[in-house]
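# Structural features, examined
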Amino acid sequence: MSPIHWLGIVSGFLTAILMACSYLASGWAIRRTSELNALTLLTNAFIWMGLFSALGLAVTWRAELFGAGFWHRLVPVFGALFFYSLAQMMMFAAQRKVDASLLVPLLGLKLPMLMLLNLVLFHAHFTWLQVLAVVLTVLAAFLLNRTSREVTLGALGLVLSACLLFSLSDTCLQIEVDLLQSELGFSPALAAALCAFLIYLLAGLIGVAVLACNRPLRTRRALLHSLPYGVFWIISIVFLNLCFAILGTVNGNILQSTRGIFAIFLAPVLAACGLTYLEHQVSWGIIVRRLVAASLMVAAIILYNFHC
């Protein structure tokens, strides 16, 4: 494999690690801070992500970015932010009662959802390996739901909705990165960074407007507790965009799916450190079962995309 291909693979794994950390951080914030709910956590995090994006744009500034075709390229930026915001609020709402180490692997359930959408809307045909992949995904989700605290139907519904919305957001990210490369001639790394910075600068402006109109949300504790999630997420999106630019959304999502395994590894460490309000301490037997389930998710995604 070429060095650029390896860069894409490394970016994918860094995305997975950072996203696992971001969901653990959002779980910590939303369970520890009474002022924060799904909407207020996202709004406060937007402030931090907007600040880092403004600094990032200052460093990577390119005048041609705001030249001809700017409004055309802004459409996928709005789309990515809109779909991401809805999806993340659903994940935050589910996290209030369910551990991140259970929820994050369940994001792999976008696979059967995508298959159903393709069957209904596009009359697509699937190989037996792709059908096997869907079966493995469902088995993995069932196994995860039988480990320690069960995922309620309400939480599962939120995760399924988030899967669909995240898929739409990823599509918008890919479109924007491709436009920055094809129309402006930017490198994959520069296009990935600028795409993330444009999206979350817009998010930051929205966050400032919302907080300006809602005095009760402007608490120092709420802002500080939203910082870890905001930092992990904005950096993870830069690496995700770079992975998409080099490998495409299919390979990128295969690598991204390992975030469930990283979340499972990190969860017992946090519980052992006394953060039981964030992640409940469980036996090693349950941890092994969760890892098996997360690994089945990864295997399913690989089978679905690398079929005969």
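You'll find the structure just up there.
Below: a short report on this structure. (Residues numbered from 1 in each chain as written. Predicted model: local features only at pLDDT ≥ 70, side-chain atom pairs only at ≥ 80, totals over all residues. Heavy atoms only, no water.)

## Quick look at the pattern of salt bridges
- For the structure on display, the rule yields 1 salt bridge.
- Arg73 is paired through a salt bridge with Glu183; the nearest N and O atoms lie 3.1 Å apart. In this pair, Arg73 sits in helix α3 (residues 70-95) while Glu183 sits in helix α7 (residues 153-184), placing the two residues 110 residues apart along the sequence.
- Assessed through its relative accessible area of 38%, Glu183 is described here as partly exposed. (Salt bridge = Lys/Arg side-chain N within 4 Å of Asp/Glu carboxyl O. Helix = DSSP H or I, 4+ residues; strand = E, 2+ residues; numbered from the N terminus. Buried < 20%, exposed > 50% of the residue type's maximum accessible area, 1.4 Å probe, protein only.)

## Quick word on the packing of helix α2 (residues 38-59) against α3
- The interhelical angle for the contact between α2 and α3, taken along N-to-C directions, is 130 degrees, at an axis separation of 9 Å. Taken together, the axes of α2 and α3 are oblique relative to one another. Taken as a pair, α2 and α3 cross one another with a handedness that is right-handed. Listed contacts from α3 to Ala38, Leu39, Leu41, Leu42, Phe46 and Met49 of α2 are Leu81, Tyr84, Ser85, Gln88, Met89, Phe92 and Ala93.
- Classifying every residue of the contact of α2 with α3 by side-chain character gives 11 nonpolar, 2 polar and no charged. (Axes fitted to C-alpha atoms, helices over the stretch in contact; angles between N-to-C directions. Parallel < 35°, antiparallel > 145°, perpendicular 65-115°, else oblique. Left-handed = near helix turned anticlockwise from the far one by under 90°. Contact = heavy atoms within 4.5 Å. Nonpolar A, V, L, I, M, F, W, Y, C, P; charged D, E, K, R; others polar.)

## Digging into the environment of Met297
- Positionally, Met297 belongs in helix α11 (residues 284-305).
- Residue classification places Met297 among the buried residues on the basis of a relative accessible area of 2%.
- Sequence-distant contacts of Met297, defined by excluding residues within four places in its chain, comprise Pro105, Leu106, Gly108, Leu109, Thr137, Ala140 and Ala141.

## Side note on the nonpolar core
- Counting residues in each nonpolar core, the largest one holds 70 residues, and the members touching the most others are Met49, Tyr84, Phe166, Tyr200, Tyr229 and Trp233.
- Leave out the neighbours within four places in its chain, and Phe166 touches Tyr23, Tyr84, Ala87, Gln88, Met91, Leu107 and Trp233. (Core = buried A, V, L, I, M, F, W, Y, C linked by side-chain atoms within 4.5 Å.)

## Thoughts on the packing of aromatic side chains
- Applying the stated rule across the entire model yields 11 aromatic pairs.
- Considering the side-chain rings of Phe46 and Tyr84, the 6.5 Å spacing of their centres and the 40 degrees angle between planes classify their relative orientation as tilted. With Phe46 in helix α2 and Tyr84 in helix α3, the pair connects residues that are 38 residues apart, well separated along the chain. Judged on exposure class, the residue Phe46 and its partner Tyr84 are both buried.
- Where Phe82 meets Phe83, the ring centres are 5.5 Å apart and the plane angle is 65 degrees; that geometry is what we call edge-to-face.
- The partly exposed category is assigned to Phe82, whose relative accessible area is 49%.
- An aromatic cluster is present here, built from Tyr23, Phe46, Tyr84, Phe92, Phe166, Tyr200, Tyr229 and Trp233 joined pairwise through their rings. (Phe/Tyr/Trp six-rings, centres within 6.5 Å; stacked < 30°, edge-to-face > 60°.)

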